[in-house]
Amino acid sequence: MKIHEYQAKALLSQYGIPVPSGDVAGTPAEAKKIAAGLQGKVAVKAQVYAGGRGKAGGIKLAANADEAEKSASGIIGARLVTHQTSARGAPVSHVLVEKVVEVRRELYLSIVIDNARKMPVMIASEAGGMDIEEVTLTSPEKILKAYIDPSAGWQDFEGRKLAYGMNLSAQQVKPAVKLMANLYKLFHEKDCSLAEINPLVITGDDSIMALDAKLNFDDSALFRHEDIRRLHDPAQDDPFEARANEMGIKNYIKLSGNIGCMVNGAGLAMAVLDLINYCGGNAANFLDIGTVNNTSAVISAFKVFTADPDVKAILVNIFGGMARADTIARGIIEAYQQIDIKVPVVVRLAGTNVAEGKRLLAESGINYIEAADFLDAARKAVDASKGGRN
Amino acid sequence: MSILIDEKTRLLVQGITGGEGSFHTQRCIEYGTKVVAGMTPGKGGAQVFGVPVFNTVESAVRETGANASIIFVPPSGAADSIMEAADAGIPLVVCITEGIPVMDMISVHSFLKGKPVRLIGPNCPGLISPGKCKVGIMAGEIHKQGNVGVVSRSGTLTYETVAQLTGLGIGQSTCVGIGGDPLLGTNFVDVLKLFQEDEETKAIVLIGEIGGTMEQDAAQFIKDKVNKLVISFIAGASAPPGRRMGHAGAIISGNTGKAQDKIEALSAAGAIIAPNPAEIGKTVKKSLKY
């Protein structure tokens, strides 16, 4: 789960990590008031989950409160398109108004999980303010790493290695080491999957500060962090995904094609997208229906499909194991009874209780297209999406 | 032979009294697995389908000689269950649970280090040696005993693959679902090593997916150490970057985890790549020249 920069900075602050003074504003008038309180030059920063805001015009500098108000009115209520958003962009409902600090050096600091070593790793670099993946490729010698033994926790000697490695001055090392310890404390206590400060800056008065901040959280651990879960901004989600989520369809991702897919299991669902592609079509979504024990999830999935104007055909591919093919069949039949389904529906059932599932569908009188196997299903769905059938 | 489980496997079910635990206990017993014990704290002394239930793994092992465990415990308690099994000296622990917090799994891996235990999963369907033993949630009847080893990060895509193989008359030695999480107990290389050493296994099917670099590690191992035929499919070639495709581990982040890179690495290592997920079985049959 992602959160906004202003929320991330509030958390950093709670953990004793210095951030620029500032506050979040939902209206231009609020932005003006905050800027007036800060005095002097401020930055007005669009609050969206995507990166690349600066280049996209989502961060404006303002010399005074009036300018801040003007900048905010240009940003709030608009949609920001960055290289990380869709072409529609992300809606901006808030800006962070922050005092501009004098920057002497830009550094990089983050914590992620190293999957191969199965432990957290703190990454530090002198090359802050840039895309860290690029730094990794172009100047790998500038990337410093400290692996964190989970049973011992963070150790300050690791912090000193990183701090001296970034050529910090004698006075800067101590606060930097403290900051690193605090960042790991936050990462660990809140079950982060990413804690990134880019840039971490040395200011004109020689203090160290998080100029930008990105915190992502482990979705699987949200059950023990109600405070974090509450920070989620549903307006940042794709509207189709948000609607699907509300209807209890958790593993749904909107894609750019026109075949609505309902599959059980994530691997098979990915394979269905690939197979559709192989057959010359494109999927409108990824949807892992999971283990279905009743028909309501199937009906919800059909409601999600019919609400999506992109969907020109529907493909149901179920390999019954935990999910039973007859339950899916009943769900499809009920969906036809409850919803006006205007697009062709291709159904391929296999596995547990498949004979019963097929019989139910055949006897229901609904107008569906039966597929003999996996490949046949994809071909028929691609044909149907191009208006080739029905 | 087969790998990891066979007729000698004596299975303990952790979380046997829960809905999924009891359902799959019954399925495993029906398949012929020797389920010797169950474990749910506070339910010691009870029986589930004739299987005695214990309060601790330690007592279950002491009383029944269980040598493998399957875990159906909710995410918040699953890490504790894995560690309890390892502490009791069980050499093979299969964790089905999906959604265990990453930090908990980091503690688990730290705890398991140096202990004589193999963890399979979490977030996996388990494993099956057809005709001998099933320690998992897959439908037993789609399998057929034979000589092809299957290893996969997915559940249902493995069922699809196995059904294709069985439909073409190709049996399996063992099918191992290693799981869809980023932090796994057993990876592709571990299983490839076992299949390479297993006399019964003549060819290996490896089903990978986007996210991480486990397939590249597998490719390197195949190049260096595997002289058996490897057929592979990587799911997610059409997945968008930056999105988690259902599995916690299935995500392309930056330049890491793309399907194409995995396919190229495996192909360069000599693995045969199935053109699409519907023709994995066909590709195996053609490669084996049956």
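Residues numbered from 1 in each chain as written. Chains lettered and ligands numbered in written order. Predicted model: local features only at pLDDT ≥ 70, side-chain atom pairs only at ≥ 80, totals over all residues. Heavy atoms only, no water.

Side note on the overall build of chain A
Then, number 1: Each helix and strand in chain A was counted, giving 13 helices and 18 strands.
Then, number 2: Dimensions along the principal axes, computed over C-alpha positions, put chain A at roughly 80 × 50 × 40 Å.
Then, number 3: Relative to its 390 residues, chain A shows a buried fraction of 54%.
Then, number 4: Within chain A, contacts between residues at least 6 apart in sequence are counted, and of these 68% link residues at least 24 apart.
Then, number 5: Surface accessibility of chain A: about 16,700 Å² in total, with carbon and sulfur atoms responsible for 49%.
Then, number 6: The positive charge centre, built from 44 side chains, and the negative charge centre, built from 46, are 1 Å apart in chain A. (Helix = DSSP H or I, 4+ residues; strand = E, 2+ residues; numbered from the N terminus. Buried < 20%, exposed > 50% of the residue type's maximum accessible area, 1.4 Å probe, protein only. Contact = heavy atoms within 4.5 Å. Areas by Shrake-Rupley, 256 points an atom, 1.4 Å probe, with all protein chains shown as cover. Lys, Arg positive; Asp, Glu negative; His and termini not counted. Charge placed at Lys NZ, Arg CZ, Asp CG, Glu CD.)

Observations regarding the domain arrangement of chain A
Then, number 1: Segmenting chain A into domains produces domain 1 (1-20 + 102-236), domain 2 (21-100) and domain 3 (238-385).
Then, number 2: Taking the mean C-alpha position of each, domain 1 of chain A and domain 3 of chain A sit 42 Å from one another. (Domains from an automatic or database assignment.)

Some words on the domain arrangement of chain B
All names here are of chain B.
Then, number 1: Entries for chain B in the domain assignment read domain 1 (10-120) and domain 2 (138-288).
Then, number 2: One C-alpha centre belongs to domain 1, the other to domain 2, and the line joining them spans 26 Å.
Then, number 3: Contacts between the two partners involve nine residues from domain 1, matched on the other side by 11 residues from domain 2.
Then, number 4: Of the roughly 840 Å² buried between domain 1 and domain 2 on both sides combined, carbon and sulfur atoms contribute 58%.
Then, number 5: Inspection of the domain 1/domain 2 interface yields one salt bridge.
Then, number 6: Arginine 118 serves as the salt-bridge partner of aspartate 190, at 4.0 Å between the closest nitrogen and oxygen.
Then, number 7: The tally of links from domain 1 across to domain 2 stands at two residue pairs in polar contact (both at pLDDT 80 or more).
Then, number 8: Those elements that place two or more of their residues in the side of domain 1 that touches domain 2 are helix H4 (102-112) and strand S7 (118-120).
Then, number 9: No other element matches H4, which puts four residues into the side of domain 1 that touches domain 2.
Then, number 10: Residues of the side of domain 1 that touches domain 2, tallied by class, amount to six nonpolar, one polar and two charged. (Buried area = accessible area lost by both parts, 1.4 Å probe. Salt bridge = Lys/Arg side-chain N within 4 Å of Asp/Glu carboxyl O. Polar contact = N/O pair within 3.5 Å; in protein donor to acceptor, adjacent residues only side chain to side chain. Nonpolar A, V, L, I, M, F, W, Y, C, P; charged D, E, K, R; others polar.)

Some thoughts on the packing of aromatic side chains
Two aromatic rings, taken as a pair, are described by how far apart their centres are and by the angle between their planes.
Residues and elements named next belong to chain A.
Then, number 1: All told, the structure shown has three aromatic pairs over all chains when counted by the stated rule.
Then, number 2: Geometrically, the ring pair formed by tyrosine 184 and phenylalanine 187 is stacked, given 6.4 Å between the ring centres and 20 degrees between the ring planes. Pair noted here: tyrosine 184 and phenylalanine 187 are both in helix H6 (residues 170-189), with a separation of three residues, about one helical turn.
Then, number 3: Classification of tyrosine 184 as buried rests on a relative accessible area of 7%. (Phe/Tyr/Trp six-rings, centres within 6.5 Å; stacked < 30°, edge-to-face > 60°.)

A word on the packing of helix H10 (residues 296-307) of chain A against helix H11 (residues 325-338) of chain A
Packed helices, taken two at a time, are described by their axes: the angle between them and the distance between them.
Residues and elements named next belong to chain A.
Then, number 1: Between H10 and H11, whose axes approach to 8 Å, the crossing angle comes to 50 degrees. Accordingly, the angle class assigned to the pair H10 and H11 is oblique. Considering the relative orientation of H10 and H11, their crossing is right-handed. The segment H10 lies against H11, with Val298, Ile299, Phe302 and Lys303 engaging Ile328, Gly331, Ile332, Glu334, Ala335 and Gln338. (Axes fitted to C-alpha atoms, helices over the stretch in contact; angles between N-to-C directions. Parallel < 35°, antiparallel > 145°, perpendicular 65-115°, else oblique. Left-handed = near helix turned anticlockwise from the far one by under 90°.)

Digging into helix H2 (residues 57-64) of chain B
All names here are of chain B.
Then, number 1: Listing the buried residues of H2 in full gives Val57, Ser59, Ala60, Val61 and Thr64.
Then, number 2: On its buried side, H2 packs onto strand S1 (10-14), strand S2 (34-39), strand S4 (51-54) and helix H3 (75-87).
Then, number 3: Directly beyond the C-terminal end of H2, a positive phi value near 70 degrees is found at glycine 65.

Considering the nonpolar core
Then, number 1: Phe286(A), Val94(B) and Met245(B) are the most contacted members of the largest nonpolar core, which totals 102 residues.
Then, number 2: Per element, the largest residue contribution to this core is nine residues, and it comes from helix H9 (residues 266-278) of chain A.
Then, number 3: Aside from chain neighbours lying at most four places away, what touches Met245(B) is Ile253(A), Ala266(A), Met270(A), Leu273(A), Phe286(A), Ile210(B), Ala239(B), Pro240(B) and Ala250(B).
Then, number 4: Core analysis: the next-biggest nonpolar cluster, separate from the first, contains 70 residues, Met1(A), Leu222(A), Ile71(B) and Leu119(B) among them. (Core = buried A, V, L, I, M, F, W, Y, C linked by side-chain atoms within 4.5 Å.)

Quick look at the confidence of the model for chain A
Then, number 1: Scored by pLDDT, chain A comes out at a mean of 94, with 99% of its residues at no less than 70.
Then, number 2: Of all the helices and strands in chain A, helix H4 (residues 132-138) of chain A carries the lowest mean pLDDT, 85, while helix H1 (residues 5-14) of chain A carries the highest, 98. (pLDDT = per-residue confidence, 0-100.)

Side note on the environment of Phe187(A)
Then, number 1: Note on Phe187(A): relative accessible area 0%, which makes it buried.
Then, number 2: When the C-alpha positions of Phe187(A) and Leu360(A) are compared, they lie 52 Å apart, and in sequence the two are 173 residues distant.

What about the environment of Val135(B)?
Residues and elements named next belong to chain B.
Then, number 1: Among the secondary structure elements, valine 135 is positioned in strand S9 (residues 133-136).
Then, number 2: Residue valine 135 is classed as buried on the basis of its relative accessible area, which comes to 0%.
Then, number 3: With 109 residues separating them along the chain, valine 135 and glutamine 26 place their C-alpha atoms 11 Å apart.
Then, number 4: Contacts of valine 135, omitting those with residues within four sequence positions, involve Ile5, Thr9, Leu11, Ile70, Val94, Pro125, Gly126 and Leu127.

Structural notes on the sheet that holds strand S3 (residues 47-48) of chain B
All names here are of chain B.
Then, number 1: Taken together, seven strands build an open sheet; the order of strands is S3-S4-S2-S1-S5-S6-S7 and the sheet is mixed. Strand pairing shows two members of the sheet lacking a second neighbour, S3 and S7, which therefore form its edges.
Then, number 2: Bridging between S3 and S4 involves two bridges; their strand directions are antiparallel. Bridged to glutamine 47 within S4 is proline 52.
Then, number 3: Docked against the sheet, helix H1 (residues 19-31) engages S1, S2, S3 and S4, running at close to 165 degrees with respect to S2. (Pairing = 2+ DSSP bridges.)

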